[in-house]
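Here are the chains, one letter per residue:
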Amino acid sequence: MDNMMQALILLLAGFLVVFSVLVLLIAIVTIYSKIIRTVQNAGKKKKEIRSADESVKLEKPDLRAVTREEIEDTDGEIPPEIIAVIAAAVDAMYGEKPHRIKAVKRSRSSRSAWSRAGALQNTRPF
């Protein structure tokens, strides 16, 4: 009977140690995630403030629709409206890192846009 009591006490002590360590690990992970979230939100707020300041300084763009005929009438040159849209898409995709658009050229690919997008998605590095 004495051995059974020692075994039960040892079992309860083991459970207590395991669960207290698990609770401690949960607390550490929770605190760490809150710290990381705070740091990330501070960076986003700075970027939002910076972009809000820049957007106040910019003039409102002309929001008229550009037709396909207007685009094709430019004799092979890409109109500034299309370049602005491409620049906005690049900024939306790579907004956190500094980027620069060096040239914009028409693509003469035989693949469709959906095929290229699928290939890009499937070959993107982890």
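No experiment lies behind these values; they were computed from the predicted model shown. Counting of residues starts from 1 at the beginning of each chain's written sequence and follows it residue by residue. The predicted origin of the model limits local features to residues at a pLDDT of at least 70 and limits the giving and counting of side-chain atom pairs to 80 or more, whereas totals for whole chains, interfaces and linings rest on all residues. Only hydrogens and water are removed before side-chain values are computed, so all heavy atoms of the structure are retained for them.

**Focus: the overall build of the chain**
Next, step 1: When you go through the chain residue by residue, the secondary structure sums to 4 helices and 0 strands.
Next, step 2: Helices (α) and strands (β) of the chain occur, in sequence order from the N terminus, as α-α-α-α. Per the convention used, a helix needs a DSSP run of H or I reaching at least four residues, while a strand needs a run of E reaching at least two, with both numbered from the N terminus.

**Concerning the environment of alanine 103**
Next, step 1: Positionally, alanine 103 belongs in the loop between helix H3 (80-93) and helix H4 (113-123).
Next, step 2: Using a relative accessible area of 56% as the deciding quantity, one classes alanine 103 as exposed.
Next, step 3: Each C-alpha atom, one on alanine 103 and one on isoleucine 83, is 9.6 Å from the other, the two residues being 20 residues apart in sequence. Only protein chains enter the accessibility calculation, which uses a 1.4 Å probe; a residue whose area is less than 20% of its type maximum is buried, one above 50% is exposed, and one in between is partly exposed.

**Considerations on the confidence of the model for the chain**
Next, step 1: A residue's pLDDT is the confidence the predictor assigns to it, expressed on a 0 to 100 scale. Residues with a pLDDT of 70 or more make up 77% of the chain, whose mean pLDDT is 79.
Next, step 2: Ranking the elements of the chain by mean pLDDT puts helix H2 (residues 68-72) last with 57 and helix H1 (residues 2-57) first with 86.

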